[in-house]
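# Coordinate analysis (summary)
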Amino acid sequence: MIAQKMKIPCFAVTLPLLISLTATTAQAATLRVDPAQTSVAFQVKGVGGASGSFSKFEGTANYNPDSLKDLKINFVIDSNSINAGAKTAIYKGDKVFDVDDYPTLTFRSTQVTPKSSNAVKVDGLLTMHGVTKPVSWNMQIDPARSNDQQLHFTANTSIKRSQWGMNGYSKLASDQVDLNIQAKLSAES
């Protein structure tokens, strides 16, 4: 008789457990690039090469610090915002970025592979100069400044500009272009 009185309905035990698990499972937050604390830079070696940057861009990330493999990143860069010092006009011209015909560069991640607790390989599609090609970035997340409301990272990759049809000045500038992003993304308000 005492055993029958001690029976507790199943839902009375499982409901608090489900609520507890749901409350502790972090959801991916949509984060936006903070332009004031983000830089997008490049370097091309050679006599006609240059180090430069872009000043206008936007981007988002769906980020859950507990599940790096689910990270999604999208960037859009205004190609006309390029600054390559004395060579800016050349890089904006039709033999390099051709900013009049191709006003944006875009990157969209397709897969993220965790390498360690703070390092990931981000595969995705880079579109520039009217051509879309796969690119892999090495990304290092700053764990001291990243959480479910913000993401701080550096990412770099090297590409061959000729794969995007950017063949101008090939005797003066290297085909290899090194790209670097240092970014802060924060939760939308």
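Heads up: the structure comes first, above all this text.
Everything in this summary refers to the structure shown in the same document. Note that the structure is predicted; figures quoted are calculated from it, not measured.

## Comments concerning the overall build of the protein
- A count of helical and extended segments in the protein gives three helices and eleven strands.
- Listed N to C, the secondary structure of the protein is α-α-β-β-β-β-β-β-α-β-β-β-β-β in terms of helices and strands.
- When burial is assessed residue by residue, the protein has 36% of its 189 residues classed as buried.
- Within the protein, counting contacts between residues at least 6 apart in sequence, those at least 24 apart form 58% of the total.
- Accessible area of the protein: about 11000 Å², with a carbon and sulfur share of 54%.

## Examining the pairing of strand S5 (residues 72-78)
- Burial along S5 is one-sided: the residues Ile-73, Phe-75 and Ile-77 are buried and none of Lys-72, Asn-74, Val-76 and Asp-78 is.
- Direction of pairing for S5 relative to strand S7 (residues 104-114): antiparallel, over a ladder of five bridges. Looking at the pairing, Phe-75 lines up with Phe-107 of S7.

## A few points about the environment of Ser-51
- Position of Ser-51 relative to the elements: it lies in strand S3 (residues 50-54).
- Along the backbone, Ser-51 and Asp-178 are 127 residues apart, and their C-alpha atoms lie at a distance of 9.3 Å.
- Look past the residues within four positions of Ser-51 in its chain and what remains in contact with it is Phe-42, Gln-43, Asn-83 and Ala-84.

## What about the layout of surface pockets?
- In this structure, the largest pocket encloses a volume near 410 Å³.
- Looking at the largest pocket, it is lined by 34 residues, and the ones nearest its centre are Phe-42, Phe-54, Phe-97, Val-177 and Leu-179.

## Some details on the nonpolar core
- Core analysis: the largest hydrophobic core is formed by 45 residues, its most contacted members being Phe-42, Phe-75, Tyr-91, Phe-97, Met-139, Leu-151 and Phe-153.
- The biggest single contributor to this core is strand S11 (residues 176-187), with five residues.
- For Met-139, the contacting residues outside a window of four places in its chain are Leu-71, Ile-73, Asn-118, Ala-119, Val-120, Val-122, Phe-153, Thr-154 and Ala-155.

## Some thoughts on unusual backbone geometry
- Even without a glycine there, the phi angle at Asp-98 is positive, about 50°.
- Assignment of secondary structure puts Asp-98 in the loop between helix H3 (88-92) and S7.
- We classify Asp-98 as buried; its relative accessible area is 11%.
- Although it is not a glycine, Tyr-169 adopts a positive phi angle of roughly 60°.
- Assessed through its relative accessible area of 35%, Tyr-169 is described here as partly exposed.

## Some words on the packing of aromatic side chains
- Enumeration over the complete set of coordinates arrives at five aromatic pairs.
- Each ring, one from Phe-42 and one from Phe-54, has its centre 5.8 Å from the other, and the planes form 45°; the classification is tilted. Of the two residues, Phe-42 sits in strand S2 (residues 39-44) while Phe-54 sits in strand S3, which places them twelve residues apart along the sequence. There is no split in this pair, since Phe-42 and Phe-54 are both buried.
- Three or more aromatic residues link up through ring pairs in this structure, and these residues are Phe-42, Phe-54, Tyr-91 and Phe-97.

Conventions we followed
Residues numbered from 1 in each chain as written. Predicted model: local features only at pLDDT ≥ 70, side-chain atom pairs only at ≥ 80, totals over all residues. Heavy atoms only, no water. Helix = DSSP H or I, 4+ residues; strand = E, 2+ residues; numbered from the N terminus. Buried < 20%, exposed > 50% of the residue type's maximum accessible area, 1.4 Å probe, protein only. Contact = heavy atoms within 4.5 Å. Areas by Shrake-Rupley, 256 points an atom, 1.4 Å probe, with all protein chains shown as cover. Pairing = 2+ DSSP bridges. 1 Å grid on protein atoms, 1.4 Å probe; cavity = no way out; pocket = protein on both sides within 12 Å on 5 of 7 lines; lining within 4 Å. Points joined across faces, edges and corners; volume = space filled by probe spheres on them. Core = buried A, V, L, I, M, F, W, Y, C linked by side-chain atoms within 4.5 Å. Phe/Tyr/Trp six-rings, centres within 6.5 Å; stacked < 30°, edge-to-face > 60°.

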